Amino acid sequence: MTEQLAVTIERVDDIPVLIASMDRLGLAELADEYFVLHGNWRGLSLGKVLTGWLAHILSEGDHRLNRVEDWAAKRVETLRGCLDAGLRALDFTDDRLAISLDILSDDQRWAQFETALNRRTIQVYDLKPDRVRIDSTTASGYWQVTEDGLFQLGHSKDQRPDLPQVKVVLSTLDPLGMPVATQVVSGEKADDPLYIPAIDQVREGVGRRGLLYVGDCKLMSLETRAHLQAGGDFYLGPFSLVQIPQETLDAYLQPVWTEEQPLTVVYRSRAEGEQEPIATGFERSEALTAIVDGQAIAWIERRLVIRSLAHAKAAEAGLHSRLEKAQSAITALNERKRGKERLTDAESLRQAAEAILHRQGVAGLLVLQITEQVAERQVRKYGGRPAETRIQRQISVSVQRDESAIQQAIRRLGWRVYGTTSPASELSLHQALLAYRDEYLVERNFGRLKGKPLSLTPMYLEDDRRATGLIRLLSVGLRVLTLLEHVARCSLAETGEKLRGLYAGNPMRATDRPTTEALLQGFKDIFLSFVTLGEQTYCQLTPLSELQLKILHLLGFPAGIYTGLADHSANPP
């Protein structure tokens with residue numbers, strides 16, 4: 001009798017690393033502790049469902065609910081070995097995932113869960129938070145705008161003001177970029193009022209004061225600064241021209257122009273070890289008062305007046321370009337062309353020229369001169385019309401550069417005022433500028449959140465509660481990405497090593513700052529194979545490469561999270 005041969009193969013790839021990292025966070029355990037399930041919930045616990053779903057999102061770059069069950073069915077033995085021996089593909093139906101999002105949308109329980117997750121993460125990873133960065137983004141979609149709904153029209157950061165949007169505020173720890181507080185609000189809300197609730201969330205979630213909060217000019221409203229000062233925290237951010245008008249900035253800069261104010265040069269280290277000057281600046285102090293919760297508070301604010309050399313150079317080039325465009329456009333007003341309307345009076349010509357100056361932003365830098373010429377023109381006799389002398393008036397405009405005004409404008413370029421309450425002994429002018437320029441950390445988070453691998457946009461959910469739950473779930477995924485990267489980079493920094501083999505086509509290229517995406521890509525094409533011959537089943541895992549073992553070592557995971565899958569899979573699919 002011939003025995004029947006059956007072969008089944010599952011893709012394992014980066015799933016064990018992702019689930020191990022979430023286990024280290026205690027995601028499943030904390031979710032099961034802080035969220036209440038419906039009485040009819042059966043099968044895999046909520047925490048393990050969320051863990052498996054996040055593994056799918058991070059591995060596949062797809063948050064769609066209807067894709068997860070089929071994905072799980074093709075990897076059921078892998079997921080059983082990583083999550084739960086009783087796991088079934090039916091644990092990941094789109095209905096069950098939708099219920100999970102409804103559960104995550106509970107504001108009170110989410111706040112408790114996020115606080116517990118923060119404190120566990122800080123303890124497990126031995127983080128020493130001292131700096132928090134706050135910023136917001138929007139996610140647009142083809143949703144229906146409803147009264148009091150989550151999806152509303154508003155100022156779009158995606159350059160799509162025609163589409164309804166939802167707004168997400170992230171508070172992240174430097175230098176990881178790890179979220180510690182997530183706000184999901186309707187898309188029409190202004191940013192400024194969201195900062196104080198975000199600060200309060202961080203204070204509750206991290207459980208520490210004396211942190212430095214870094215943000216853009218919306219963080220620097222007097223109300224928010226006073227709130228931070230009253231709570232024992234510090235702040236750093238730039239002022240807008242509304243908060244510090246040009247007249248005030250000119251007063252700050254007057255001693256610089258008279259060469260009475262010495263300037264500090266800020267340098268940045270380049271890859272070659274050279275020191276590159278990037279800015280100059282000085283510091284002054286301002287006494288401030290405000291009312292917080294009915295109590296008057298007073299404090300001294302350090303104001304750092306800094307000129308970015310690169311910004312000043314670019315702004316000067318832009319100014320000269322606009323001056324040239326304005327001069328050309330004004331000169332063209334004098335041209336005589338067929339079909340072109342001629343301006344026949346001085347006032348109309350002046351208004352047209354001044355409109356060009358304002359459009360190019362060079363008003364006050366170019367001097368206009370309107371001239372009028374009167375000439376006699378002889379008209380010959382023609383037919384029955386007698387010869388005559390006509391008076392012809394010609395109006396023209398000329399323009400000249402006001403070099404003195406232009407030089408005064410140039411010396412203003414590139415200057416910006418930053419405010420902070422952090423002591424100079426802990427945050428010098430040099431350190432403050434570099435700290436603010438690390439704003440790319442949160443922008444990178446937004447790129448991950450809205451693009452690959454978290455893929456918030458486009459969002460296919462239209463229910464407000466479920467959209468809120470999804471964004472919160474993705475914020476947990478963002479934690480996983482940032483922590484994996486942080487651990488790997490710290491491990492390399494401790495040994496002074498660099499990691500090779502991450503870059504396709506260039507195996508010798510080395511880096512000491514690998515991204516999580518590159519690390520996870522290194523686990524592609526790992527398979528779990530089952531060969532059944534009669535009643536005997538054989539299980540084999542693709543042998544781990546030297547690079548994969550090295551990455552596991554950097555991340556602090558044993559090779560057993562992979563090799564153990566073959567031992568665990570005693571019951572083949």
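Note that this is a predicted model, so its numbers are computed, not measured. (Residues numbered from 1 in each chain as written. Predicted model: local features only at pLDDT ≥ 70, side-chain atom pairs only at ≥ 80, totals over all residues. Heavy atoms only, no water.)

Novice: Looking at this model, I keep getting lost on the sheet that holds strand β16 (residues 536-541). Mind explaining?
Specialist: Pairing between the strands of a sheet is mediated by backbone hydrogen bonds and can be parallel or antiparallel. Taken together, the three strands give an open sheet; going across it, the order is β1-β15-β16, and neighbouring strands pair in antiparallel fashion. A strand with exactly one partner marks an edge of an open sheet, and here the two such strands are β1 (5-11) and β16. Here the average twist between neighbouring strands, direction ignored, is 15°. (Pairing = 2+ DSSP bridges. Helix = DSSP H or I, 4+ residues; strand = E, 2+ residues; numbered from the N terminus. Axes fitted to C-alpha atoms, helices over the stretch in contact; angles between N-to-C directions.)

Novice: Can you walk me through the pairing of strand β6 (residues 234-238) in this structure?
Specialist: Across a regular strand the side chains alternate sides, sitting on one face of the sheet and then on the other. Taken across its five residues, β6 has four buried, putting it largely inside the fold. Relative to β6, strand β5 (residues 212-214) runs parallel, the two being bridged by three bridges. When the sheet's bridge partners are listed, Y213 is paired in β6 with Y235. This β-α-β element, β5 to helix α9 (residues 222-230) to β6, shows right-handed connectivity. For β6 and strand β12 (residues 415-420), the ladder comprises three bridges, and the chain directions are antiparallel. When the bridges of β12 are listed, L236 appears paired with T420. (Buried < 20%, exposed > 50% of the residue type's maximum accessible area, 1.4 Å probe, protein only. Right-handed = clockwise from strand over helix to strand, strands pointing away.)

Novice: Looking at this structure, how should I read the sheet that holds strand β9 (residues 295-308)?
Specialist: Pairing is mixed in the open sheet, where nine strands are placed in the order β4-β3-β2-β5-β6-β12-β9-β8-β7. The open sheet terminates on both sides in strands that have one partner only, identified here as β4 (178-186) and β7 (264-269). Pairwise comparison of adjacent strand axes, ignoring direction, gives a mean angle of 25° for this sheet. Across eight bridges, strand β3 (residues 165-173) lies against β4 in antiparallel orientation. For K167, the partnering residue across the bridge sits in β4 and is V185. Its contacts with the sheet place helix α15 (residues 440-450) against β2 (131-140) and β3, and it is angled at close to 35° to β2. (Contact = heavy atoms within 4.5 Å.)

Novice: Is there a simple way to explain the packing of helix α7 (residues 107-124) against helix α16 (residues 464-495) in this structure?
Specialist: Each pair of packed helices can be summarised by the angle the axes make with each other and by the distance between the axes. Relative orientation of the contacting elements α7 and α16 amounts to 5°, with a least axis distance of 12 Å. It follows from the interaxial angle that α7 and α16 lie roughly parallel. Of α16, the residues touching α7 (which contributes D107, W110, F113, E114, L117, N118 and T121) are R472, S475, V476, R479 and L483. Considered class by class, the residues forming the contact of α7 with α16 number five nonpolar, three polar and four charged. (Parallel < 35°, antiparallel > 145°, perpendicular 65-115°, else oblique. Nonpolar A, V, L, I, M, F, W, Y, C, P; charged D, E, K, R; others polar.)

Novice: How should helix α13 (residues 403-412) be read in this particular structure?
Specialist: Since the α-helix packs 3.6 residues into each turn, any two residues three or four apart lie on the same face. What α13 keeps buried is the set A405, I406, A409 and I410. The buried residues of α13 occupy an angular sector of 140° when projected down its axis, which confines them to one face. Where α13 terminates, the next one or two residues include G414, which has phi positive at roughly 85°. (Arc of directions from axis to C-beta.)

Novice: Which parts of the structure should I look at to understand the environment of L433?
Specialist: Mapping L433 onto the fold places it in helix α14 (residues 429-437). Along the backbone, L433 and L304 are 129 residues apart, and their C-alpha atoms lie at a distance of 8.9 Å. L433 has contacts with V266, I278, A279, I306 and Y418, leaving out every residue within four places of it along the chain.

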